[in-house]
Amino acid sequence: PFTTLEPNLGMLNGKVIADIPGLIEGASEGKGLGHKFLKHIEKVKLLLHCISSESEDSISDYNTIHKELKEYSPELLEKQEIILLTKSDLVENKELEKKIRNLKKTKKQIIPVSIHNWESLQKLIQILNKS
């Protein structure tokens, strides 16, 4: 329902983390800010797809971004990807498990995270340190 409007950079144990703005439906055709920033994704090693646990259709959300990446450059689909189910504290465990099962169809690693769950953030950090 919203997108980052400006790129944000940070560091994690010597690795640059970038929040790339504008990846919405139509980004590969220049809609929003996506086309301006999609070229930067070509430089990354790992893609983290942030999908809200509150989403009505998380698999559709993932597929929308996946389609935009493919239409911009099919080589982007060769990069390692992890799907982060954000705001995992805002949905019931049963609903979260259902979303995880649905997203496993992507054959990507699924990690539920919340800024209110320190353990989930530590798990993510451990995975990123290994990547």
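Throughout what follows, the structure given in this document is the object of discussion. Each chain has its residues counted from 1, running along the sequence as written. Local features in this predicted model are restricted to residues of pLDDT 70 or higher, and side-chain atom pairs are both shown and tallied only at a pLDDT of 80 or more, whereas totals for entire chains, interfaces and linings draw on every residue. Hydrogens and waters are ignored; side-chain quantities use all the structure's heavy atoms.

1. Some remarks on the overall build of the protein
Item 1. Scanning the protein for helices and strands turns up four helices and five strands.
Item 2. When burial is assessed residue by residue, the protein has 34% of its 131 residues classed as buried. Secondary structure is summarised from DSSP: a helix means a run of H or I of at least four residues, a strand means a run of E of at least two, and numbering begins at the N terminus for each. Burial here depends on accessible area, computed with a 1.4 Å probe over protein chains only, as a share of the maximum for the residue type. Under 20% is buried, over 50% is exposed, and the range in between is partly exposed.

2. Things to note about the pairing of strand S2 (residues 15-19)
Item 1. Pairing analysis gives five bridges linking strand S1 (residues 8-12) to S2, with the strands arranged antiparallel. By the bridge assignment for S2, Gly10 is matched with Ile17. Note on pairing: DSSP must find at least two bridges between two strands before they are called paired.

3. Quick word on helix H2 (residues 58-72)
Item 1. Expected helix span is taken as 1.5 Å per residue step, with the number of steps being one fewer than the number of residues. In a regular helix each residue adds 1.5 Å, so 15 residues correspond to 21 Å; H2 covers 22 Å between its end C-alpha atoms and thus fits that length.
Item 2. Listed in full, the buried residues belonging to H2 are Ser58, Tyr62, Ile65, Glu68 and Leu69. Viewed along the axis of H2, the buried residues span an arc of 125°, placing them on a single side of the element. For this quantity, the arc is that covered by the directions from the helix axis to the C-beta atoms.

4. Focus on the environment of Leu48
Item 1. Here Leu48 lies in strand S3 (residues 46-52).
Item 2. As for Leu48 and Leu128, which are separated by 80 residues in sequence, their C-alpha atoms are 9.9 Å apart.
Item 3. Whether two residues are in contact is decided by their heavy atoms, any of which lying within 4.5 Å being enough. Setting aside residues no more than four positions away along its own chain, Leu48 makes contact with Ile82, Leu84 and Leu128.

5. As for the pattern of salt bridges
Item 1. Between Lys or Arg on one side and Asp or Glu on the other, a salt bridge is scored when a side-chain nitrogen of the former is within 4 Å of a carboxyl oxygen of the latter. Throughout the structure, instances matching the rule amount to four salt bridges.
Item 2. Of the charged contacts, one joins Glu54 and Lys87 as a salt bridge, the two residues approaching to 3.8 Å between their closest N and O atoms. Remark: Lys87 occurs in the loop between strand S4 (80-86) and helix H3 (93-103) and Glu54 occurs in the loop between S3 and H2; sequence separation between them is 33 residues.
Item 3. Overall, Lys87 belongs to the partly exposed group, its relative accessible area being 32%.

6. Brief notes about the pairing of S4
The side chains of a regular strand alternate, first on one face of the sheet and then on the other.
Item 1. A large share of S4 lies buried, amounting to six of its seven residues.
Item 2. Direction of pairing for S3 relative to S4: parallel, over a ladder of seven bridges. Directly across from Ile51, in S4, lies its bridge partner Leu85.
Item 3. A crossover links S3 with its parallel partner S4, the connecting element being H2, and its sense is right-handed.
Item 4. Note that S4 and strand S5 (residues 109-112) share four bridges and pair parallel. In the strand pairing of S5, Leu85 is matched with Pro112.
Item 5. Convention used here: a crossover is right-handed provided that the path from the first strand, over the helix, to the second strand proceeds clockwise when the strands point away from the viewer. With H3 bridging S4 and its parallel neighbour S5, the resulting β-α-β unit is right-handed.

Keep in mind these numbers describe shape, not what the thing actually does.
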